[in-house]
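Inside the fold
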Amino acid sequence: MMETIGSPTAEEPPPGLCSPSPKKEPYHKSNTLMDVQGFKWVRWRVWLCRFGAMLSLGLLLVLFHWRPRLGVLARCHSCPPATAEILLLRDCFGQQYVVEVLTEELDDGSLEQAGIEADGSDCRDTVQLHNEAVPLLRYYLFEGVRYVWVTRKGAFCRVSVFNEDWTCDTLCSYQDGLSRQEQESRRKIYGPNLIDVPVKSIMRLLVEEVLNPFYIFQILSIALWLTDKYYYYAACIFLISVISISVSLYEIRKQSTMLHSMAQHITNVTVRRSSGAEDSVSSLDLVPGDCVLIPQDGLLLPCDAALLAGECMVNESILTGESIPVMKTPLPAGGGRYSPEAQRRHTLFGGTQCIQAKGGRPGVGGAIAVVTSTGFDTAKGELISSILYPQPLNFRFYQDAMKFLLFLGCMALVGTIYSIVILSRTNATWWELVIRALDIVTIVVPPALPAAITTGTIYAQGRLKKEGVFCISPPRINICGKISLFCFDKTGTLTEEGLDVWGVVEVSGAVFSELVPDLRLLPKGPMLSALACCHSVALLGGQALGDPLELKMIESTGWELEEPAGDDKTLDSEFGGHRVLAVMRPPACQLQPKGLQAVALVQRFPFSSSLQRMSVVTVAPGGQPYLAFIKGAPEMLASLCLRESVPAQFSNTLHSFSSQGFRVLALAYKTLDGQTDLSNIKRAEVERDMHFLGLLVMKNLVKMESAEVITTLRSAHLRSVMVTGDNILTAVNVARACGMMGSDERVIFVHATPHTGQSLPSLRFHLGEGGMGATATHGSVDICTQDRYQNGMKYHLAINGMSFSALCDYFPEYLPKVLMRGTVYARMAPDQKTQLIKELQKLNYRVGMCGDGANDCGALRAADVGVSLSEAEASVASPFTSKSDNISCVPLLIREGRCSLVTSFSLFKYMALYSLIQFTSVLILYTEKTNLGDLQFLFFDMALVTLLAVVMGKGGPSTELQPQRPPASLLALPVLTSLTMHTLLLILGQISALLITISQDWFVPLNSTMSGAMNLPNLEDTSVFALSGYQYIIMAVVVTKGYPYKKPIYYNVVFVCVLLVLFALMSWLVLSPLPFLRELLKLYDIPDMNFKMLLVALAALNFIICFLLEVLIDRGLFDCLRFFRRRQQSKKQYKRLDVLLSESSSWPPLDQPLAPQQYTVIGLS
């Protein structure tokens, strides 16, 4: 539940939240802390602000647009949220939002009719209207979600608070439907069922774009240049700004229109009324509690709903990226709290396509579901919201870029003061002083800097698209360059999606028989029936759809699937009148044993990741006997079976197959009582006291590309981690096969148990087989264990989901250590995968995640870089989607990320140096009472700098992945030293050019009675123009980085050609320009060729010194300096912990039970 806490009577907030107060309250929004303050309008303040806006020509309103808090404080006074008219929201990133509190008149008794009488008057206010108290609902909309005021909680709560405590029984009670009056009452509270992505008008977009600080700065700069008679330059910049705004508006409008069409889905649906009638209503009018009738041929679901009757085959690719349809079954009744994630197999999510519905409405066909969430509260709504309102990226590069702009602003202030002092010594008017001082600001602070540093990202995104990798969050490309750990799903990611049946090991007399490789050779009995029937496969257009494992299992038995056609009762009659979901018929084949009968599935409990199993109830022709079959993880099924039916060698047999890398499933069955009501039987009743049947052994081959990619990552010192739902031994075998673990590296298993009524929590580490100890005796293992740390033997930890949960809950002090050495995480549920990603991020890892999108959606979105292997061009399941079905895209992403990050660094340094070069030129010329000309500025900015900046980022990534990662901080000592030293050398170069010019015998001083560009041409300006022009070109070469993150500079053919052309052009202008060009640029005609060659030589010397300095800084100047001083501790938590563990001679303690501790063993602060 997302809520704000406002009144003093509210419940105590969780630790870490602000104390509640009447005026300010925190609440959780998207897992972040939000502050909310209430305000009321003050009329005289509003009118005063309007008057101030008129006097400031609208600048005051622009300030309020940039800083909403100032606008609220200026026009309102603080008040409790319960009576507020305006709310000021501020998230943990410092972003501020202003929302208006809205009201809705409610009818008497409408809350009770809406089924929320528990809160009654708590979520409404009253207003006196004609001496009558009219109930009012107070609410506000934020990011599409509705929040209503609940007095009892003293907070604005997300409207879904009213149905978040619904139980499965509550949902089943809505099967009879709502009355029209109940639906109308709920619609007033919940609002329309609409995911509304606003498509703003062109005029509104134009106003919002122009109010961007970048364009405001451009407008003021253009006005300044026009005042200073820089007409050509101002016109050119104006034209470029118009084109930029037009392109930006087109892209924004295009994206919002596309997202609007994808998000908004309005259709007619059939709902059941409490009277028993059926109504066709617009999906806009759906509210939680509505009973929706799903037609037999399915529909595009307009809301989230719990399936109450029938089965649905659903394509969830829009949410998960998984193209395989999923079978949904009815929600079991019970008093447990309903959760869409926990009951995912019984929940129909909005935006997904129901392909087929059956068995829910006898005589009519289709299925029955009850609405649980609408609008932005649905799963689709939350995904659309994450696209519309993404959280700011916590990436140091972007943060430092803004800080450096402030630094340039401070330099502009220094330059402004200097120019005022210099110009005040002349007879310049105050107006000229103001114009010259402001002109310095437009030179030092390049408004195009934020746009320029994204050039590398744009090029990288284009290259990735050509390789079949699509990105919906371009800023994350740079983050790819800092990835330090990558997690991989196993099945379908590291290994092939399909599985080959290796054979079946059947149990006979509580003893395993020999492996039967061909399932068609199995004798008649429950094992063969279990293999043929225990699945969720369905037919669509005569084609079987479902999990590839189950499809392969059915194919291996040779049995054929048949489903009832529409309302045909023939199959029901054949099987004793039971409602038949599907029928499995044995083939007419000589290999099959004689006497086999068809089997009908009458109840199905789908696979659940948390339960690690699925089950079905079947009947034979005539309706008897009743048999229940179950299939799932062997360890789980063994715990559900009668102890005497499980072979004594179960663990050894399972260990043998799993350690060889086989995928192993167990099967079991039991006979149900003939009087059991199969239509209402509970899952818990079916899945207990089973008889163990045996093991299905399947071979899951590792993809050819997996080992090569993992080896590449390991050689680049990037950790690879496997996160899977499979058996831990199978996962370890696959980890060895694909190179995550070396043949000489040991595996240590982590076993943690939770607190129970009989025992305290415990944690134990024990050495596994394989690696160096595979053939060792017990004694040699003990010796090897004792010397493990001293000899530096590498080891990997492996842990399963149950132990991981216990570790997080009871042993948080050991969790960081396990995470540092953990390589295999097996039997992990989807929410545990997400938790693992977040725990790794707490150690300051930049975490990547690669999966197929099905059970990995949460982890893919939680990771810094999520890659979904999907055939879709773009999936909302993750920032990156690869059309490739293997992990070869991972090194490509990292290489492109590093290339993009280094390019962004180069462009940033170049744009900063460009500003500093021009800043230096202008201050030197101000000192000499002159300035650059209009077309000289235009030539530098357009012909040189812009052209070079555009083509500089075209260089592609290096073909190899190197161990070192590029830096991410712009304020690091090497970067700042490089910029400082280059700036000093550039200043020295320009001053040298001026002094050399002045020292010439033929030097003619400029006209001191004039100032600025009015006394052009002159020798001072021409010499500074010549050298600074070369400096723009040579710095583009100096700051462009190649190895080891990019290909060498000569691979960027376009950039090299532009460099050569511009160098030739600049040399032509310096040595022998045409009279026409010389007059156009207002350059002085210098007849002395030796002097001109001296300027070229000075530029060459400047280049050589700057280039050598950059090489020296890049190649380890600071590493050499660190050698002579004390080694500093890393700021990254995982690096500090790695050092401590490497030096530890007692971690992990093998075969020693550890108890929970109340203190942290290794300090990480």
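Only a predicted model underlies this, so the values are computations on that prediction, with no experimental measurement involved.

Brief notes about the side chain of Gln603
In this fold, Gln603 is placed in strand β28 (residues 599-608). Owing to a relative accessible area of 9%, Gln603 belongs among the buried residues under this scheme. Polar contacts involving the side chain of Gln603 include one to the main-chain carbonyl oxygen of Ser679, which spans 3.5 Å. Every residue in contact with Gln603, bar those within four places of it in the chain, is listed here: Leu581, Val616, Val617, Leu678, Ser679 and Ile681.

Description of unusual backbone geometry
With an omega of -5°, the peptide bond running from Leu1016 to Pro1017 counts as cis. With respect to the helices and strands, Pro1017 occurs in the loop between α32 (973-998) and α33 (1019-1039). For the bond running from Trp1147 to Pro1148, omega is -5°, close enough to zero to count as cis. Within the secondary structure, Pro1148 sits in the segment after α38 (1133-1143). Residue Ala510 is not a glycine yet carries a positive backbone phi of 60°. Among the secondary structure elements, Ala510 is positioned in the loop between β22 (500-507) and β23 (512-516). Even without being a glycine, Asp1151 presents a positive backbone phi close to 55°. Its place among the elements puts Asp1151 in the segment after α38.

Focus on the nonpolar core
Formed by 129 residues in total, the largest nonpolar core has its most connected members in Phe488, Phe880, Val890, Tyr910 and Met1035. Of all the elements, helix α30 (residues 889-927) adds the most residues to this core, at 22 residues. Beyond its immediate sequence surroundings of up to four residues, Phe488 is in contact with Thr493, Leu494, Ile710, Leu713, Ser720, Val721, Met722, Val723, Met740, Cys850, Ile887 and Val890. Membership of the second largest hydrophobic core comes to 41 residues, among which are Ile748, Phe804, Tyr825 and Leu860.

Comments concerning the pattern of salt bridges
The tally for this structure, following the rule as stated, stands at 31 salt bridges. Taking the shortest distance from any N to any O, the salt bridge between Arg344 and Glu341 comes out at 3.1 Å. A relative accessible area of 24% places Arg344 in the partly exposed class. The exposed category is assigned to Glu341, whose relative accessible area is 52%. Of the charged contacts in the structure, one is a salt bridge between Glu745 and Arg714, with a shortest N-O distance of 3.0 Å. Here Glu745, found in the loop between α24 (728-737) and β34 (746-753), pairs with Arg714, found in helix α23 (residues 704-715); they are 31 residues apart in sequence, far enough to count as distant. With a relative accessible area of 5%, Glu745 lands in the buried category. What emerges from the salt-bridge pattern is a single network uniting Lys490, Glu635, Arg663, Asp726 and Arg827.

Analysis parameters
Residues numbered from 1 in each chain as written. Predicted model: local features only at pLDDT ≥ 70, side-chain atom pairs only at ≥ 80, totals over all residues. Heavy atoms only, no water. Helix = DSSP H or I, 4+ residues; strand = E, 2+ residues; numbered from the N terminus. Buried < 20%, exposed > 50% of the residue type's maximum accessible area, 1.4 Å probe, protein only. Polar contact = N/O pair within 3.5 Å; in protein donor to acceptor, adjacent residues only side chain to side chain. Contact = heavy atoms within 4.5 Å. Core = buried A, V, L, I, M, F, W, Y, C linked by side-chain atoms within 4.5 Å. Salt bridge = Lys/Arg side-chain N within 4 Å of Asp/Glu carboxyl O.

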